Each structure stands twice: as C-alpha cells, then as structure tokens.
Amino acid sequence: MRAAALPAARRAAGLVPSLEALGAWLLGLVWALPLLYSLWTAFHPAAYETHFTLGAPVTLANFAAARQAAPFARYLFNTALLISFILAGQMVVSTLAAFAFARFTFRGRTLAFYAVLLQLMILPEALMVENYRTVAALGLVDTIPAIGLPYLASGFGIFLLRQAFLTVPRELDDAARVEGAGPLGLLWRVYLPVSRATLVAYGLVSVSYHWNNLLWPLIVTNSVGTRPITVGLLIFASPDQGVSWALVAASSLMSAAPLLVGFLLFQRAFVQSFMRAGIK
Amino acid sequence: MTAALGGAGPRGAGAQALMAWLLLLPAAVLLAAFTYVPALGSALASLYSTPHGARPARFVGLDNYAAMAADPVFWRALQNSVVYAAGTVPLAIGLALAMALLVNGSAPGRGLLRTAFFLPTVLPMIAVANIWLFFFTQDYGLVDQLLGLAGVPPRNWLGGPHTVLGCMMAVAVWKEAGFFMIFYLAALQTIPPNLREAAAIDGDRRFYVFRRVTLPLLMPTTVFVAVNALINAFRLVDHVIVMTNGGPDNASNLLLYYVYEVAFKFWDTSYAAALTLVLLVILATLAFTQFAVLDRRTHCR
C-alpha cells in the first residue's frame, strides 16, 4: 500500500511544480511586459512599434528626439534637487522626533505619538486644497521647497526610526553618557550608527516614493525650472499632444532610468530595505 | 541646553521634558502646518461659499454638503472608489501571496521572477501608465492584438464606460502586488522550514498544510497588507490623471481625483473642502482600524 502510494505521490509532486512553474513564468511575463515593451519601442524606429521581428533595426534616435522635444535633463535635475531636499529634511526631522519618543519620558508622550501616527494615514494629497493655500500664503508656489514641505514631517519615518531606536541597549547609552556625551552627542554617536540599516531603508523607500510622486508636484509647479520629471513627462507625453509611442516610451524610460538602474544594481539591498520598512 | 543634560547623574524630569519637546519641535510645527491645521481648515472652509472676484466668502452652513448629496458626480466617484477598493484590494493581496509562495520556493530563476514582480514598485506610475495606455489602445494595442488571436473582437477599453474602471483596477493591481509580495516573503521566511518539508510529502497534504498552517501564520501580514492596500486604493490616482482624466462621463472618476478636479480645474475650493472632509473621514476610519491592528500586533510579540 505504502510502496504503491509513494511513486504516485512523487509523480504528483513532480507534476505540480511544473504547472506551478508555468504559471509563475506567465505571471512574471505579464509583470515585466510593460517594461519589455517600452524597451522594444524606445530602441526601434516608430514603424516597428506594433511589429515584432528580430531583424528590426536598433536606434537611439527616439531618445535624441525626446531630449530635443522637452527639457528632460532639467526635469531630472529638479527631481534630484527635490529628492535631496526631502531626504535631508525628513532625516533631520524624523530622527530628532523619533529620539524624543524612544529615549525620553515626558507628559503627553503617548498622545503626541498617536498624533504623529495619524499623519501616517491622513495623506498630504488629501489635504491638497488647504496645503496649496498655505504654500501660496508663504509665497512659495512653483518652488522646490513647496513640493517638499508637506512631506518633511513623516509619520512613517518617525515611527520607523523610533522602532529602531528602541532596540538600542541602555548599556551603550549609559557608557556614552559616562564619557560626557550630551543628548545630541548620544544621538549622533550611538543611536544613528546603530540604526544605519533602518536609515538606509527609510531613505530608499522615501526616494522611490518621491521620484514617482505626481499629483502634488503637478498642482504646485508651473515652470520648467521647478517641475520634477514626473510632471514634465505628463506634460510632454499626454495623449492629446500627438506624440508618437516611440517618443513616449523613450521619455518614459529616461524618467525611470536612474531609479531602475539603481534598483537592478542594488536589488538585494533594495528588497531587504523595503521588507525592513514594512515589518519593523 | 547640553549643560543641563550633559552630566551622568540623574536629571530633573522638567529638563527631560523640555529637551524632548525641543526635539519634537520641528516635527510638531510641520505636522501642524501641513496636517492638523489644513484638516481643520478644510472643515471650516466647507461651511463657507467660494469667493468669486469681489464677492467674499460667506457662511453657508451645510449648503456644500447638501450640494454634495445632490451631486451625481460625487456619488459616481464614491461608488467608483468603493468598487475600485473592493476589486483591487483582494486581488492584489491574493496575487501578492501567490507571488511570494512562487518566489520563496526553490524553483529555478526565482531571482529573475522576483525582479519582474517587484519592478512596478520602482517604476514611476506616470511612465508605466503611458505604456498601459498603449496596451489598451483599440485595434493595434497589445490587449486587442492578443485577444484577437483568440477571436475576440477589438474594443475601446478606455473609452467604454463599462470597461474603463476595470482597466484602471488592472493597472493598480499590477503596480501594487509586487510591493505587497515583499511583506509576505518576509513573513514566509519566519515560518520554520520543517513545516514546508512536511507540506512537500504529498500533494493533498500540501494544500492542507498551506490552508491550516501557513495561511493562519500569515494572518498578521495579511491584515497589515490589507489596511495598506485599502488606504492606497483611495490614494492611487496618478494613472487616472494620465490615462482617462476620470472619463468617459466620470466612469473612472475616483474620490481623490474628484477633489483635485473640483479644486484645481473648476476652482470651487469650498466644495472641494467638503469633498476633502468626506475623504478624511474615510481615511481616518481606516487609520483607526490600523491603530487597533498595530496594537494587537505589538501585543502578540
């Protein structure tokens, strides 16, 4: 009985994974298809955009044409500025606040922490009308800081870093204080080095979020000098502009390229960072 | 301030509290300016009329909400948002779990698969929405070409009021599933491998172990992912901006997109404030659900 059941089970086990593998590869293909397709279209003449043959000539003309048609270099530079501004601001603001929550006892701490968590759910985008009013009152419409300001105090970042800081053993803390370190010295010399992995994780999540952010930058910018790449791409490649698909694909690839190349190079760190950001 | 706190000895509670609030100050100011005050400001603005030229805003009570109740576009957007959430959340979760199980095994090329699944997370929505726009194009788009092989007649996917929301949902699921897969992957790695080995003994037990052991162990992750997916369902409108502008005839209009439209295309800021408040109430409800869930998660540890 047992001897007869075993080969059948083996066969079933061998069959199931192969069906599984087929499904897996099919799913993977669907998921990679938009990127694969845009690679095909961007690197071939427009005549081949729906015509797939191995003999299709490879060209960089679409990229050159896209760069001629819109100031993508400037848009990418704006995005780089924006990302730097947001990242620097978020790191400072979140680190200080997280340190207060993790290391100090004071009245109203729990309430204050819940107030921070509330921001995690109430997205800045939902408040775009009032935030626009605020930014306008500050005279900041159409500036890089205007795009970044609503995101600087991030409930997500404060929560994440507080969790990391809570794991720092008190002995390390005491040792540094015996050596005469003040609170900020303690933060700088003990807490930040120990939490480096979390800081990197938070940084990566933040960069990929703001690189891809569209709605709020679309609202507060209106000139080439401030528009990030997402808004630039929207204006260039909207369907009513009559731009060819080859140009759309080339410009889309250009807008995604820095992040995409970074991801492919540092994939392991990237994925682990996202995991860390999600779990902790 | 370092002078008061520099010593190794015990510090006064007052000095501690002062230092803590100083550390919190930048976050508090920014949160007040860009979250709390605007939230209250929306509530207040929704009770006034929109100023037009020389005519200033005046108090109108609940008129904006009465207008909302009578606004078919609002109901359409709300209904679309609910359908969008109800459709994308379970589908994205199911696919994310399937992806994690597929990639977690020892199948050849799983690294490549994981890359494929995770790619949409790092691609800007605007860039991929352009590509999807092309896929859905009538006749020569990829969807119609593939369906054409099976003999299905071409159709105007994004122009049809019955198909457009489904297309938006497909793009959202494609964008999100790989991101949620990461959380399942992380959770799967905490499950002892001998459970998986037990599951591999034979086909029937495989599914049984999955249903009775793996799935319950993944429950906290599922709850976490579900709440995040739900919040995302009310946030993700980039592809609507790129692909349809809410059309045709508001068939793909979502709540957040409608707020944007009313505020920055029709410039009716008071009505937009009232709509914002509805959105805030929905998000806050989801937020408190998440608080309860997070609380339970921390107690479990």
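Per chain, residues are indexed from 1 in the order of the written sequence. Lettering for chains starts from A, numbering for ligands starts from 1, and both go in the order in which the items are written. Local features are withheld for residues below a pLDDT of 70 in this predicted model, meaning they are given only at 70 or higher, and side-chain atom pairs are given and counted only at 80 or more; totals for whole chains, interfaces and linings count all residues. Note that water and hydrogens are dropped before the side-chain values are worked out from all heavy atoms of the structure.

Where an unreviewed UniProt entry is consulted, chain A appears under the name Carbohydrate ABC transporter permease, with the organism given as Lichenibacterium ramalinae. In its Subcellular location (unreviewed entry) section, the UniProt record describing chain A reads: "Cell membrane". UniProt positions are given in the numbering used here, feature names are shortened, and annotations may be inferred rather than shown by experiment. Heading Sequence similarities (unreviewed entry) of the UniProt record for chain A holds this comment: "Belongs to the binding-protein-dependent transport system permease family."

Helix and strand counts for chain A come out as 14 helices and 0 strands. Here a strand is any run of E in DSSP of at least two residues, a helix any run of H or I of at least four, and the numbering for each starts at the N terminus. If you list the helices and strands of chain A from N to C, you get α-α-α-α-α-α-α-α-α-α-α-α-α-α. A simple rule labels every residue: compare its accessible area, found with a 1.4 Å probe on the protein chains alone, to the largest value its type can have, and call it buried under 20%, exposed over 50%, or partly exposed in between. Looking at chain A as a whole, 53% of its 280 residues qualify as buried. The criterion used for residue contact is that any of the two residues' heavy atoms lie within 4.5 Å. If you take every contact in chain A between residues at least 6 apart in sequence, the share linking residues at least 24 apart comes to 72%. On chain A, roughly 12,500 Å² of surface is accessible, and the fraction owed to carbon and sulfur atoms is 68%. Only the protein chains shown count as cover for residues, and all accessible areas are computed by the Shrake-Rupley method using a 1.4 Å probe.

Turning next to the overall build of chain B. Counting its secondary structure elements, chain B contains 14 helices and 0 strands. Shown N-terminal to C-terminal, the secondary structure of chain B runs as helices and strands in the order α-α-α-α-α-α-α-α-α-α-α-α-α-α. The buried share among the 301 residues of chain B stands at 52%. Intrachain contacts of chain B at a sequence separation of at least 6 include 65% that bridge at least 24 residues. When the accessible surface of chain B is split by element, carbon and sulfur atoms take 68% of a total near 13,400 Å².

Glancing now at the packing of helix α3 (residues 72–103) of chain A against helix α9 (residues 183–194) of chain A. All names here are of chain A. Interhelical geometry of α3 versus α9 gives an angle of 95° and a closest axis separation of 12 Å. Between α3 and α9, the interaxial angle falls into the category roughly perpendicular. Contact with α3, carried on its side by Thr95, Leu96, Phe99 and Arg103, involves Pro183, Leu184, Leu186, Leu187, Tyr191 and Leu192 of α9 and no other residues of that element. Residue classes follow a fixed rule: Ala, Val, Leu, Ile, Met, Phe, Trp, Tyr, Cys and Pro count as nonpolar, while Asp, Glu, Lys and Arg count as charged, and any other residue, Gly among them, counts as polar. Looking at side-chain class alone, the contact of α3 with α9 contains 8 nonpolar, 1 polar and 1 charged residues. Working convention: axes come from line fits to C-alpha atoms, limited for helices to the stretch in contact. Angles between N-to-C directions cover 0 to 180 degrees. Angles below 35 degrees are treated as roughly parallel, those above 145 as roughly antiparallel, those between 65 and 115 as roughly perpendicular, and all remaining angles as oblique.

All names here are of chain A. In what follows, salt bridge is the name for a side-chain nitrogen of Lys or Arg lying within 4 Å of a carboxyl oxygen of Asp or Glu. The tally for this structure, following the rule as stated, stands at 2 salt bridges over all chains. Across the pair Asp173 and Arg103 runs a salt bridge whose closest N-O atoms are separated by 2.6 Å. Of the two residues, Asp173 is situated in helix α8 (residues 170–178) and Arg103 in helix α3; the sequence distance between them amounts to 70 residues. Looking at Asp173, the relative accessible area reads 0%, which means it is buried.

On to the packing of α3(A) against helix α12 (residues 229–237) of chain A. Residues and elements named next belong to chain A. As a packed pair, α3 and α12 sit with axes 8 Å apart at the nearest point and diverge in direction by 150°. Between α3 and α12, the crossing angle belongs to the class labelled roughly antiparallel. Packed against α3, whose contacting residues are Phe72, Tyr75, Leu76 and Thr79, the element α12 presents Ile229, Gly232, Leu233 and Phe236 at the interface. Class assignment of the residues belonging to the contact of α3 with α12 gives a composition of 6 nonpolar, 2 polar and no charged.

As a further point, take the UniProt feature "transmembrane region" (unreviewed entry) in chain A. All names here are of chain A. When the UniProt feature table is mapped onto this chain, "transmembrane region" (unreviewed entry) is found at residues 21–40, 75–99, 111–129, 135–161 and 243–266. Each end of residues 75–99 is marked by a C-alpha atom, and these two atoms are 36 Å apart; helix forms 100% of the span and strand 0%. Counted over residues 111–129, helix gives 68% and strand 0%. Its end C-alpha atoms are 27 Å apart.

With that out of the way, let us pick up the nonpolar core. By nonpolar core we mean a set of buried residues, namely Ala, Val, Leu, Ile, Met, Phe, Trp, Tyr and Cys, connected to one another through side-chain atoms within 4.5 Å. One finds Phe72(A), Met128(A), Phe165(A), Phe74(B), Tyr84(B), Met181(B) and Met243(B) to be the most contacted residues of the largest nonpolar core, which totals 185 residues. A total of 18 residues in this core trace back to one element, the largest contributor, which is helix α8 (residues 164–188) of chain B. Excluding its chain neighbours within four sequence positions, the residues that come into contact with Tyr84(B) are Leu165(B), Met168(B), Met169(B), Ala172(B), Ala233(B), Leu236(B), His239(B) and Leu254(B).

This part takes up the interface of chain A and chain B. Facing the 91 residues of chain A at the interface are 98 residues of chain B. The largest contributions to the chain A side of the interface with chain B come from Trp31(A), Met121(A) and Trp245(A), which together make up 10% of the buried area. At the junction of chain A and chain B, the tally comes to 0 salt bridges. Any pair of nitrogen or oxygen atoms within 3.5 Å is treated as a polar contact; in protein, a donor-acceptor pairing is required on top of that, and neighbouring residues in sequence qualify only through side-chain atoms on both sides. The tally of links from chain A across to chain B stands at 3 residue pairs in polar contact (both at pLDDT 80 or more). Per-element accounting of the side of chain A that touches chain B gives the leading share, 15 residues, to helix α1 (residues 2–42) of chain A. In terms of residue class, the side of chain A that touches chain B is built from 69 nonpolar, 15 polar and 7 charged. Accessible area that two parts lose when put together, evaluated with a 1.4 Å probe and summed over both, is termed the buried area.

What follows is about a nonpolar patch on the surface. Each patch groups residues whose relative accessible area exceeds 30% and which form no salt bridge, using 9 Å between like charges and 5 Å between nonpolar side chains of Val, Leu, Ile, Met, Phe, Trp and Tyr. A contiguous nonpolar surface patch, about 370 Å² in accessible area, is contributed by Leu18(B), Leu22(B), Leu25(B) and Val29(B). Here Leu25(B) shows up in helix α2 (residues 13–45).

Let's shift gears to unusual backbone geometry. All names here are of chain B. A positive phi angle, close to 55°, is found at Asp249, a residue other than glycine. Positionally, Asp249 belongs in the loop between α12 (238–243) and α13 (255–264). Classification of Asp249 by relative accessible area gives exposed; the value is 70%. The backbone of Asn250 sits at a positive phi, close to 65°, despite the residue not being glycine. Assignment of secondary structure puts Asn250 in the loop between α12 and α13.

Time to look at helix α11 (residues 219–235) of chain B. Expected span of a helix, by definition, is 1.5 Å for each gap between consecutive residues, and there is one gap fewer than residues. Between its first and last C-alpha atoms α11(B) spans 24 Å; for 17 residues at 1.5 Å apiece the expected length is 24 Å, and the two agree. All of the buried residues along α11(B) are Thr221(B), Thr222(B), Phe224(B), Val225(B), Val227(B), Ala229(B), Ile231(B), Asn232(B), Ala233(B) and Phe234(B).

All names here are of chain B. Along the chain, Ala233 turns up in helix α11. Through-space distance from the C-alpha of Ala233 to that of Glu176 is 10.0 Å; in sequence the pair is 57 residues apart. Ignoring anything within four residues of it in the chain, the contact list for Ala233 reads Tyr84, Ala85 and Thr88.

A separate point is the side chain of Asn213(A). Residues and elements named next belong to chain A. Summarising the element assignment, Asn213 is placed in the loop between α10 (196–212) and α11 (215–220). Of the residues examined, Asn213 reaches a relative accessible area of 8% and is grouped as buried. At a separation of 2.9 Å, a polar atom in the side chain of Asn213 contacts the side chain of Tyr151. Excluding residues within four positions of it along the chain, Asn213 makes contact with Glu125, Tyr151 and Thr230.

With that settled, the discussion passes to the packing of aromatic side chains. Ring pairs are drawn from Phe, Tyr and Trp, using the six-membered ring of Trp, whenever the two centres fall within 6.5 Å, and their geometry is named by plane angle: stacked under 30 degrees, edge-to-face over 60, tilted for the rest. Applying the stated criterion across every chain yields a total of 27 aromatic pairs over all chains. Relative to Phe236(A), the ring of Phe72(A) has its centre 5.3 Å away and its plane inclined at 90°; by these criteria the two rings are edge-to-face. Separated by 164 residues along the polypeptide, Phe72(A) in helix α3 and Phe236(A) in helix α12 bring together distant segments of the chain. Overall, the relative accessible area of 2% leaves Phe72(A) in the buried class. Residue classification places Phe236(A) among the buried residues on the basis of a relative accessible area of 9%. Relative to Tyr260(B), the ring of Tyr257(B) has its centre 5.7 Å away and its plane inclined at 55°; by these criteria the two rings are tilted. On the criterion of helical spacing, the pair formed by Tyr257(B) and Tyr260(B) is a turn pair, its members being 3 residues apart in helix α13. Take Tyr257(B): its relative accessible area is 0%, and that puts it in the buried class. An aromatic cluster is defined as three or more aromatic residues linked by ring pairs; in this entry it consists of Tyr37(A), Trp245(A), Trp132(B), Phe134(B), Phe135(B), Phe136(B) and Trp174(B).

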